[in-house]
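# Close look at the chain arrangement
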Amino acid sequence: MRGVNQYGTKPLTFKNYFVYGMGNFASQLSWTMVGTYLSLFYTDVFGLSVGAVAMLMLVAKIWDGINDPMMGTLMERTHTKWGRFRPYIFAGAPLLVVFTILTFTVPGFGDTGKLVYAYITYIGLGMAYTVTNVPYTALPAVMTRDPKEINRLNAAQMMGMTIGQIVLNLFVLKLVLWIGKGDQAAGYRGTAAVLALIALPMFWAVAIMSKERITAKKESQGKISGGLKLIFKNKNLLCAIMYSFFNMFGILGRISVAVFFYMHCVQNFDLISVFMMMQMAVGTLVMPFAPAFVGKFGRRNAAIISMIIQGAALVLLYFGPSTNIPFNFVCMVIYGTGYIAGPSGSGMIVDAIDDFDDKYGVRNDGMAFSFNGTGIKIATAIANSVFLLVMGAYGYVGGGEITPHVQDGINLAANLLPGVVFFIGIIPLLFYDLDKPGYMDTVRERLTARRQTEQK
């Protein structure tokens with residue numbers, strides 16, 4: 001068939017990769033703002049204690065972990081002429097804008113009222129992000145069956161992520177100061193509003209232009225309980241999800257407390273933005289080589305190499321001289337090269353979905369990606385809470401004295417703990433076995449033949 005590749009789908013173009021990658025850039029304008037600066041905002045501007053912030057983030061992320069599978073189930077049972085996933089991206093993006101602004105707003109309430117407000121807005125933000133981001137991350141599974149194109153799509157979204165993180169870390173604190181003009185509360189609220197409104201048309205572009213080419217019949221979805229049982233029978237899917245869990249535990253957990261490390265241990269305020277975006281800058285540079293790297297070593301092995309690099313860099317940073325600027329730069333350059341395996345996690349999940357479809361005739365892509373989202377959010381919740389509680393146990397209090405003992409706690413939370421987590425994340429990868437040469441090619445050939453037979 002003219003214009004169709006060996007997997008029965010129309011080849012993707014540069015525009016497809018660019019627009020899809022732009023979606024993760026948009027996500028960072030909201031979520032990296034939250035992940036990087038919300039802990040600092042809550043403790044030093046909003047006025048919550050470290051313990052209250054840790055509990056808030058844990059509760060909110062646990063709820064996120066519950067509603068993500070609900071979202072996946074809803075997506076799988078949605079059938080419109082625009083597809084199963086894209087309508088939710090289009091509808092969820094405005095909600096994400098609203099709750100991003102509300103989350104970074106300090107209300108004129110008492111202590112109890114402010115805490116209740118923080119719970120409502122932060123949980124609402126997480127739900128809006130779920131509605132927008134779970135279908136977004138699932139799109140590669142329905143845009144193509146070509147593994148090379150899936151790698152490129154995931155590399156594009158990882159590049160969008162790293163570029164978005166660079167932009168955030170270069171400009172957020174400057175925008176807070178410029179917009180607030182001395183009023184940090186007004187600065188954070190205004191900055192959140194500007195970034196969220198910039199993200200909105202980008203999400204809509206993804207929803208409009210990322211066509212879903214692989215469909216699922218209503219009768220092929222099966223019962224919800226049956227889908228859950230099959231997901232838990234899918235060993236490779238669970239291994240990929242556990243890898244994502246530990247990878248994001250390390251990355252996002254560190255991001256949430258790294259600003260404390262650079263403020264109070266490195267003690268160079270002028271370079272905070274540079275340090276916060278350094279690993280993302282390196283990641284952006286190596287990301288174009290990621291599809292070739294993953295193609296050479298395989299998704300599993302590429303992920304293992306990445307976890308070793310990132311873990312080693314953070315352990316080295318923990319034991320090194322914190323105030324030595326060149327040393328910090330070298331560690332962050334090493335850490336950033338770990339982004340080279342960026343497409344691996346999502347690619348392994350897509351492989352597990354296709355293998356699942358081939359074996360059982362049920363395509364639970366929405367549920368699979370929602371469970372992955374659940375794992376990431378629970379990982380983030382635990383990491384944020386544990387790392388903040390470690391800092392609190394060492395005596396950190398917003399606006400309080402930073403003693404050498406407090407610095408030790410911050411260094412432990414920002415570097416050694418996430419470094420160890422990366423090494424632990426290698427374990428589930430050792431049990432993932434879909435990287436056998438030629439195996440997934442055979443699976444996709446059978447899926448393509450089945451799809452062509454159903455269309456006749």
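Predicted model only: the values in this text are computed from it and were never measured.

## Remarks on the overall build of the chain
A count of helices and strands for the chain gives 18 helices and zero strands. Against the 2.2 N^0.38 benchmark of 23 Å for 456 residues, the chain shows a C-alpha radius of gyration of 22 Å, consistent with a compact globule. Principal-axis analysis of the C-alpha atoms gives the chain an extent of 70 × 45 × 40 Å. Evaluated residue by residue, the chain yields a buried proportion of 61% over its 456 residues. In the chain, the proportion of contacts linking residues at least 24 apart, taken out of those at least 6 apart, comes to 84%. Summed over its atoms, the accessible surface of the chain is roughly 17,600 Å², and 69% of this surface lies on carbon and sulfur atoms. The average position of the 36 basic charges and that of the 24 acidic charges among the side chains of the chain differ by 8 Å.

## Let's talk about the confidence of the model for the chain
Any region with low pLDDT has predicted coordinates that should not be read closely. Predicted confidence across the chain gives a mean pLDDT of 84, with 93% of residues reaching 70 or more. Helix H17 (residues 426-429) holds the highest mean pLDDT among the elements of the chain, 96, whereas helix H8 (residues 224-233) holds the lowest, 64.

## A few points about the nonpolar core
Nonpolar side chains in soluble globular proteins generally cluster together in the buried interior. Counting residues in each nonpolar core, the largest one holds 148 residues, and the members touching the most others are Met33, Tyr42, Tyr122, Tyr188, Phe260, Tyr262 and Leu388. Sequence-distant contacts of tyrosine 122, that is, excluding residues within four places in its chain, are made with Val34, Leu38, Tyr42, Leu56, Met57, Ala60, Lys61 and Thr103.

## A short note on helix H7 (residues 184-209)
Over its 26 residues, H7 extends 38 Å from the first C-alpha to the last, a length consistent with the 38 Å expected when each residue adds 1.5 Å. With a side-chain oxygen positioned 3.1 Å from the backbone nitrogen of alanine 185, the residue opening H7 is aspartate 183.

## Quick look at the pattern of salt bridges
The full count for this structure, using the stated rule, is six salt bridges. Of the charged contacts in the structure, one is a salt bridge between arginine 299 and aspartate 351, with a shortest N-O distance of 2.4 Å. Here arginine 299 is found in helix H12 (residues 299-319), whereas its partner aspartate 351 is found in helix H14 (residues 344-360), with 52 residues between them in sequence. Neither arginine 299 nor aspartate 351 differs from the other in exposure class; each is buried.

## What about the packing of aromatic side chains?
Scanning the entire structure with this criterion turns up 22 aromatic pairs. Summarising the aromatic geometry, the rings of tyrosine 42 and phenylalanine 46 are spaced 5.4 Å apart at their centres and angled 85 degrees between planes, so their arrangement reads as edge-to-face. With a gap of four residues between them, tyrosine 42 and phenylalanine 46 both fall in helix H1 (residues 14-46), about one helical turn apart. Taking relative accessible area as the criterion, tyrosine 42 reaches 0% and is therefore assigned buried. Each member of the aromatic cluster is reached from another via a ring pair, and the members are Phe41, Tyr42, Phe46, Phe104, Phe109, Tyr117, Tyr122 and Tyr188. Residue placement shows lysine 296 over the ring face of phenylalanine 297; its charged tip is 5.8 Å from the ring centre. Above the plane of the ring of tyrosine 439 lies lysine 436, whose end atom (NZ or CZ) is 4.7 Å from the centre.

## Some details on the packing of H1 against helix H3 (residues 86-103)
Across the interface, H1 lies against H3 with an axial gap of 11 Å and an inter-helix angle of 15 degrees. By the angle class used here, H1 and H3 are roughly parallel. Judged by the twist between their axes, the crossing of H1 over H3 is left-handed. For the pair H1 and H3, contact is made by Ser30, Leu38, Phe41 and Tyr42 and by Leu96, Thr100 and Thr103, respectively. Grouping the amino acids of the contact of H1 with H3 by side-chain chemistry returns four nonpolar, three polar and no charged.

## What about the side chain of serine 210?
Structurally, serine 210 can be placed in the loop between H7 and H8. A relative accessible area of 1% means that serine 210 is categorised as buried.

## Details of empty space enclosed by the protein
Considering all chains together, one arrives at two cavities of 30 Å³ or more under this definition. Here the largest cavity is characterised by a volume of approximately 770 Å³. Lining the largest cavity are 43 residues, with Tyr129, Met161, Met248, Leu252 and Ile376 positioned closest to its centre. Residue assignment for the lining of the largest cavity shows that the elements contributing at least two residues are H1, helix H2 (50-76), helix H4 (111-138), helix H6 (147-180), helix H9 (235-266), H12, H14 and helix H15 (365-393). No other element matches H9, which puts eight residues into the lining of the largest cavity. The residue makeup of the lining of the largest cavity, split by class, is 18 nonpolar, 22 polar and three charged. Considering only enclosed or pocket space, the second largest cavity measures out at about 40 Å³ in volume. Taken together, Ser30, Ala93, Leu96, Val97, Thr100, Ala196, Ala199, Leu200 and Phe203 make up the full set of residues lining the second largest cavity.

## Remarks on the environment of serine 273
With respect to the element layout, serine 273 can be found in helix H10 (residues 272-286). Excluding anything up to four places from it in sequence, serine 273 contacts Asn169, Leu170, Leu173 and Lys174.

## Concerning the layout of surface pockets
To locate leftover empty space, one rolls a probe as large as a water molecule over the atoms. One number sums up the size of the largest pocket: a volume of about 490 Å³. Taken together, 22 residues line the largest pocket, and the ones lying closest to its centre are Pro147, Asn151, Gly295, Arg299 and Asp441. Looking at the lining of the largest pocket, the elements that each hand over two or more residues are H6, helix H11 (290-297) and helix H18 (439-455).

## Points about the packing of H15 against helix H16 (residues 404-424)
For any two helices packed against each other, the geometry comes down to the angle between their axes and how far apart the axes lie. Between H15 and H16, the shortest axis-to-axis distance is 8 Å and the interhelical angle comes to 150 degrees. Taken together, the axes of H15 and H16 lie roughly antiparallel to each other. For the element pair H15 and H16, the recorded crossing hand is right-handed. Contacts from Phe387, Val390 and Met391 of H15 reach H16 at Gly409, Ile410, Leu412, Ala413, Leu417 and Pro418.

The rules behind these values
Residues numbered from 1 in each chain as written. Predicted model: local features only at pLDDT ≥ 70, side-chain atom pairs only at ≥ 80, totals over all residues. Heavy atoms only, no water. Helix = DSSP H or I, 4+ residues; strand = E, 2+ residues; numbered from the N terminus. Rg over C-alpha atoms; globule rule 2.2 N^0.38 Å. Buried < 20%, exposed > 50% of the residue type's maximum accessible area, 1.4 Å probe, protein only. Contact = heavy atoms within 4.5 Å. Areas by Shrake-Rupley, 256 points an atom, 1.4 Å probe, with all protein chains shown as cover. Lys, Arg positive; Asp, Glu negative; His and termini not counted. Charge placed at Lys NZ, Arg CZ, Asp CG, Glu CD. pLDDT = per-residue confidence, 0-100. Core = buried A, V, L, I, M, F, W, Y, C linked by side-chain atoms within 4.5 Å. Expected span 1.5 Å × (residues − 1). Polar contact = N/O pair within 3.5 Å; in protein donor to acceptor, adjacent residues only side chain to side chain. Salt bridge = Lys/Arg side-chain N within 4 Å of Asp/Glu carboxyl O. Phe/Tyr/Trp six-rings, centres within 6.5 Å; stacked < 30°, edge-to-face > 60°. Lys NZ or Arg CZ within 6 Å of the ring centre and 35° of its normal. Axes fitted to C-alpha atoms, helices over the stretch in contact; angles between N-to-C directions. Parallel < 35°, antiparallel > 145°, perpendicular 65-115°, else oblique. Left-handed = near helix turned anticlockwise from the far one by under 90°. Nonpolar A, V, L, I, M, F, W, Y, C, P; charged D, E, K, R; others polar. 1 Å grid on protein atoms, 1.4 Å probe; cavity = no way out; pocket = protein on both sides within 12 Å on 5 of 7 lines; lining within 4 Å. Points joined across faces, edges and corners; volume = space filled by probe spheres on them.

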